[in-house]
Amino acid sequence: MADEQKIVVELPSERGGYSPVASTAEPSRLEEFRKGWIQAIALPDNLPDLAYTLTSTVAIPALLSSCWVSIPIPGFIRLGVLGVLAIAGIFTLYLRQVVPEIKDILLLRVGLVAVGVLLGI
């Protein structure tokens, strides 16, 4: 008796019909890309994580821009960092166009980074 399989029978409800069967079709790569970026850029739901995220979004750029101004860095390293920042900016603009659901939150995050940079200078 222990090796017997259980059989589940679904009965139609009074409202009409059976419950819909989940689709087994896989989402496209573009949909996976969009959902991944939406989840990555979204703000956390709980208050401590939200406070940490917003604080670090301001504090880390402030620290880096403060080091940029006060520490003597060779010119080729400064040029390399500016190149990386330019590529990141282009990618941010591309991401804003490809995934329109994140426009507002992306704008908020870029604004917080800009505030951090200005505080560090």
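Residues numbered from 1 in each chain as written. Predicted model: local features only at pLDDT ≥ 70, side-chain atom pairs only at ≥ 80, totals over all residues. Heavy atoms only, no water.

S.K.: So what about the layout of surface pockets? Which residues, and what values?
M.R.: Unfilled space is identified by rolling a water-sized probe across the atoms. A volume near 850 Å³ is recorded for the largest pocket. Taken together, the elements giving at least two residues each to the lining of the largest pocket come down to helix 1 (29–41), helix 2 (47–70), helix 3 (75–98) and helix 4 (103–120). A per-element tally of the lining of the largest pocket places helix 3 first, with nine residues. Partitioned by chemical class, the residues of the lining of the largest pocket number 22 nonpolar, five polar and one charged. (1 Å grid on protein atoms, 1.4 Å probe; cavity = no way out; pocket = protein on both sides within 12 Å on 5 of 7 lines; lining within 4 Å. Points joined across faces, edges and corners; volume = space filled by probe spheres on them. Helix = DSSP H or I, 4+ residues; strand = E, 2+ residues; numbered from the N terminus. Nonpolar A, V, L, I, M, F, W, Y, C, P; charged D, E, K, R; others polar.)

S.K.: If you had to explain the side chain of T53 to someone new, which residues and values would you point to?
M.R.: Along the chain, T53 falls in helix 2. A polar contact of 2.8 Å, which involves the side chain of T53, links it to the backbone oxygen of D49. If we skip the residues at most four places from it in the chain, T53 touches L43, P44 and R109. (Polar contact = N/O pair within 3.5 Å; in protein donor to acceptor, adjacent residues only side chain to side chain. Contact = heavy atoms within 4.5 Å.)

S.K.: Which residues make up the pattern of salt bridges, and what values do they have?
M.R.: Under the counting rule described, the total for this entry stands at one salt bridge. Across the pair R34 and E101 runs a salt bridge, and its minimum N-O distance is 3.0 Å. With R34 in helix 1 and E101 in the loop between helix 3 and helix 4, this residue pair connects regions lying 67 residues apart in the sequence. Residue E101 is classed as exposed on the basis of its relative accessible area, which comes to 51%. (Salt bridge = Lys/Arg side-chain N within 4 Å of Asp/Glu carboxyl O. Buried < 20%, exposed > 50% of the residue type's maximum accessible area, 1.4 Å probe, protein only.)

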